[in-house]
Amino acid sequence: MIDTVNLRLTKYDVQGVNFMEQTPVYLDNVTLITPADGEGEATITGTLGNLKVSCNSYQVKVRDGSLCKWYLGDNYQTMVRGDIQQAIECLSDTLHLPMDKASVYRLDVAKNIMVQHPVDVYFNHLGQMKYAKRLVEPNSLYYSMANQRLCFYDKNQEQRAKKEKIPELYQGRNVLRIEQRYTRRVGKQFGVAAVTGAMLYSEPFYIKAVKRWWQSYTDVSKINDIKLNFEAMKTTKQLKVMGVLALVRMAGGELAMYSQINEARKQGTLTSKQACDLRAAVKSACELGNGFTVKSEAITELDKKMLEAIRYYR
């Protein structure tokens with residue numbers, strides 16, 4: 001489940017090592033970067049497979065690449081605890097540095113899920129997430145928060161865009177990647193002073209990371225299919241619910257309805273309270289029940305596969 005990991009090892013974490021002299025020996029594509037004004041400290045950059053490495057007299061950073069891809073060859077596979085430990089040990093041996101002591105300042109927890117329908121079908125059934133901004137891009141859907149992002153995207157499309165090979169098992173399949181990216185203050189988000197390389201393969205931390213990945217998915221509201229079932233309409237209250245649902249469907253769906261309400265609020269046509277009340281009315285009408293909405297088959301499938309992904313950690 002662990003994919004991209006950015007690591008920082010400082011001179012306080014390891015004694016008696018001259019990063020500028022010793023680390024570049026183990027890198028490819030080494031470049032010396034000196035400040036243009038002649039002031040400040042020089043930096044050496046290089047690569048280690050798909051990983052980027054930079055160092056100065058104070059620290060070494062390993063960044064901007066998938067640890068899973070570096071160790072296993074691709075990041076379609078799931079790197080579990082044993083793999084993570086071996087990857088950190090291999091990285092330590094390669095750089096001749098104790099990367100288990102390095103602090104983690106970027107962490108991605110992710111899994112590729114083969115699904116029945118094209119990936120964008122699932123985007124249409126993933127609604128709002130509390131305290132997050134929903135961002136739609138071609139082939140991807142993001143929920144942006146202060147220090148992290150929850151991402152849903154077409155893994156095969158990403159591979160094709162990068163002109164990288166798709167593993168045979170995944171060729172011609174619909175592959176949805178669900179990825180939680182901790183981009184800042186990783187330690188604080190996990191309630192510790194710092195997350196270290198060694199913590200990534202400790203059982204308590206790993207289980208916590210997987211459960212948080214699952215919880216983030218469940219925090220996204222799911223959009224039901226609207227079914228205008230006139231046989232279920234027996235009361236005026238049910239008639240009003242059906243009326244709201246018919247309006248939602250005319251607007252292009254639940255998300256499109258929310259968008260129109262928010263636009264009206266921005267233009268001053270609706271007050272903030274009126275917009276909030278209307279969103280609540282739409283949400284209430286669209287919730288599963290009353291015989292007027294039915295849970296999406298795509299979401300039923302995805303819920304089941306997400307449960308399978310975490311079945312050993314619940």
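The structure displayed is predicted, hence computed values, not measured ones. (Residues numbered from 1 in each chain as written. Predicted model: local features only at pLDDT ≥ 70, side-chain atom pairs only at ≥ 80, totals over all residues. Heavy atoms only, no water.)

(A) Representation of the nonpolar core. Within the largest apolar cluster, 65 residues are counted, with the highest numbers of intra-cluster contacts made by Leu 91, Met 99, Leu 107 and Phe 152. With seven residues, helix 7 (residues 203-219) is the single largest residue contributor to this core. In this structure Phe 152 touches Phe 123, Leu 126, Asn 139, Ser 140, Leu 141, Tyr 143, Leu 176, Arg 177, Ile 178 and Tyr 217, once residues within four positions along its chain are discounted. Counting 16 residues, the second-largest nonpolar core is a separate cluster that includes Ala 275, Ala 285, Cys 286 and Phe 292. (Core = buried A, V, L, I, M, F, W, Y, C linked by side-chain atoms within 4.5 Å. Buried < 20%, exposed > 50% of the residue type's maximum accessible area, 1.4 Å probe, protein only. Helix = DSSP H or I, 4+ residues; strand = E, 2+ residues; numbered from the N terminus. Contact = heavy atoms within 4.5 Å.)

(B) Quick look at the state of the cysteines. Applying the stated criterion across every chain yields a total of zero disulfides. The cysteine Cys 55 is free of any disulfide, with Cys 90 supplying the nearest cysteine sulfur at 19 Å. Residue Cys 55 is classed as buried on the basis of its relative accessible area of 2%. Cysteine Cys 68 is unpaired, with the sulfur of Cys 90 as its nearest cysteine sulfur at 13 Å. The class of Cys 68 is buried, set by a relative accessible area of 2%. (Disulfide = S-S within 2.5 Å.)

(C) Structural detail: the packing of aromatic side chains. Under the counting rule described, the total for this entry stands at seven aromatic pairs. Ring centres 6.0 Å apart and planes at 80° place the aromatic pair Tyr 143 and Phe 152 in the edge-to-face group. No difference in accessibility class separates Tyr 143 from Phe 152, as the two residues are buried. Across the ring face of Tyr 105, the terminal group of Arg 8 is positioned such that the distance to the ring centre comes to 4.3 Å. The ring of Tyr 76 has Lys 155 sitting right over it, with the charged end atom 5.5 Å from the ring centre. (Phe/Tyr/Trp six-rings, centres within 6.5 Å; stacked < 30°, edge-to-face > 60°. Lys NZ or Arg CZ within 6 Å of the ring centre and 35° of its normal.)

(D) Representation of the side chain of Thr 10. Within the secondary structure, Thr 10 is located in strand 1 (residues 2-10). Given a relative accessible area of 9%, Thr 10 falls into the buried group. Not counting chain neighbours up to four residues away, the residues in contact with Thr 10 comprise Phe 19, Tyr 58 and Gln 59.

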